[in-house]
Amino acid sequence: MSLKTGSRACRVMSAARCAKFPVLTRALASASRRWLAAISSGATSSASMTGSFAGPFWSPPDSLVDQMMYGSHIINSSNYRGGVMTHKVAVVTGSSRGIGRAIASRLAADGMHVIINYKNDFDAAKDVASAIEKSGERATVVQADVTDPAQLRTLFQAAEQHYGGLDVFVHNAYGAAYSTIAEADDDDYDRTFSANARATFMALREAATRLRDNGRIVFISSSLTRTSNPPALYSASKAAGEQLVRTFAREVAARRITVNSVLAGLTDTDGLRATLGLPTEEIARRIPMGRIGRPEDVADVVGFLASDDARWVTGQSIAVDGGLT
Ligand SMILES: NC(=O)c1ccc[n+]([C@@H]2O[C@H](COP(=O)([O-])OP(=O)(O)OC[C@H]3O[C@@H](n4cnc5c(N)ncnc54)[C@H](OP(=O)(O)O)[C@@H]3O)[C@@H](O)[C@H]2O)c1
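Residues numbered from 1 in each chain as written. Predicted model: local features only at pLDDT ≥ 70, side-chain atom pairs only at ≥ 80, totals over all residues.

1. A few points about the overall build of the protein chain
So, step 1. Helices and strands together make up the secondary structure of the protein chain, namely ten helices and 13 strands.
So, step 2. Taken across its 325 residues, the protein chain has 42% of its residues classed as buried.
So, step 3. A separation of at least 24 residues holds for 74% of the contacts in the protein chain among residues at least 6 apart in sequence. (Helix = DSSP H or I, 4+ residues; strand = E, 2+ residues; numbered from the N terminus. Buried ≥ 20, exposed ≤ 12 C-beta atoms within 10 Å, placed from the backbone. Contact = placed C-beta atoms within 7 Å.)

In structure tokens form, the structure reads like this:
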């Protein structure tokens, strides 16, 4: 399935939720149909869908509406709005693999509809969405380079167009130059700060007007920001992102939106292996708790911060690194 937004084509794969246990009445199903129809009328102007999934997404057949209305979720205040059962909606940047993938999977397991974002590897992103679909939740894949403001915007638009709004934004995509300060050139600096500090600024600015009240924002930083370890440009640009998060938390606090940074430690991902080029046992020896971090270690903390339980936690930088810093 493909989504056209303006002149830029982004590839989209939508995964319909599976039915499990009936939990809602027919009256509620009827109200939900009206709700979906209302969203449908506003969503088709800026996006058109084609592909293997039959029919436009926003005019789901009754069978699909029924599937959406009969889920395994417990109805609570967080997913029951205006008399209609809804699900929180999350966008996770850079979620085609590694830590981002684990975060997307965790949020989906918590009952959220998730936008999976990638830059290059559509197949990997599609795998994430398929796995979420198999587990009975819903996911949509959107290609967007988060360093480009127009492409970044499509992520937020996708959440609104596909699911009617946005509650949780996790900024996980990143870029890095690994030179020392003495060896780095101006381009290394610009690329790294563009990928981390500038993209975080643009994402927060966009989130300021897109997130619904009571929303959650999590920025994935690095516990390197607490150390003098290299690479300097990477950790300096992540530290800038953390400072933006601290201040932004104040800006949106009155709307009960929380904004926090999670500082990942050494975590077993493609990105880490490519960077360090060391066997995982060697990396594990550096970590007080005696093993390398798993993407799920980070995702579980993000899951907490995205939940109602974390409503009073904002403007914080939380290291998830097995005691490394
Ligand atoms: N792994 C660690 O040890 C570690 C330690 C500290 C902090 N972190 C932080 O944790 C986060 C995830 O790291 P990771 O190790 O899981 O990374 P990873 O395995 O390298 O995966 C990176 C993900 O980001 C996507 N991506 C890269 N550039 C993008 C862009 N410009 N726009 C949109 N998506 C983009 C990639 O998509 P494509 O594959 O399609 O390009 C991929 O899904 C990062 O913020 C990183 O700084 C990681």
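2. A short note on the pairing of strand β10 (residues 166-171)
So, step 1. Counting buried residues in β10 gives six out of six residues, a clear majority hidden from the surface.
So, step 2. In this view, the connection linking β10 to its parallel neighbour strand β11 (residues 211-222) by way of helix α6 (residues 186-210) has right-handed handedness. (Right-handed = clockwise from strand over helix to strand, strands pointing away.)

3. A few points about the environment of A319
So, step 1. Along the chain, A319 falls in strand β13 (residues 317-320).
So, step 2. Overall, the presence of 19 C-beta atoms within 10 Å leaves A319 in the partly exposed class.
So, step 3. Spatially, the C-alpha atoms of A319 and A264 are 6.1 Å apart, while their sequence positions differ by 55 residues.
So, step 4. Once residues lying within four places of it in the same chain are set aside, the contact partners of A319 are S223, R226, L263, G265 and T325.

4. Observations regarding unusual backbone geometry
So, step 1. Note the cis peptide between P230 and P231, where omega equals 0°.
So, step 2. One can find P231 in the loop between β11 and α7 (232-252).
So, step 3. Notably, N214 is not glycine yet its phi reads approximately 70°, a positive angle.
So, step 4. By secondary structure assignment, the location of N214 is in strand β11.
So, step 5. N214 gets classed as partly exposed once you count the C-beta atoms within 10 Å, which come to 15.

5. Some words on helix α5 (residues 149-163)
So, step 1. Helix length check: α5, at 15 residues, gives a terminal C-alpha distance of 21 Å against a target of 21 Å (1.5 Å per residue), a fit within 8%.
So, step 2. Among the residues of α5, those classed as buried are L152, T154, L155, F156, Q157, A158, A159, Q161, H162 and Y163.
So, step 3. G164 sits one or two positions beyond α5 and adopts a positive phi of about 85°. (Expected span 1.5 Å × (residues − 1).)

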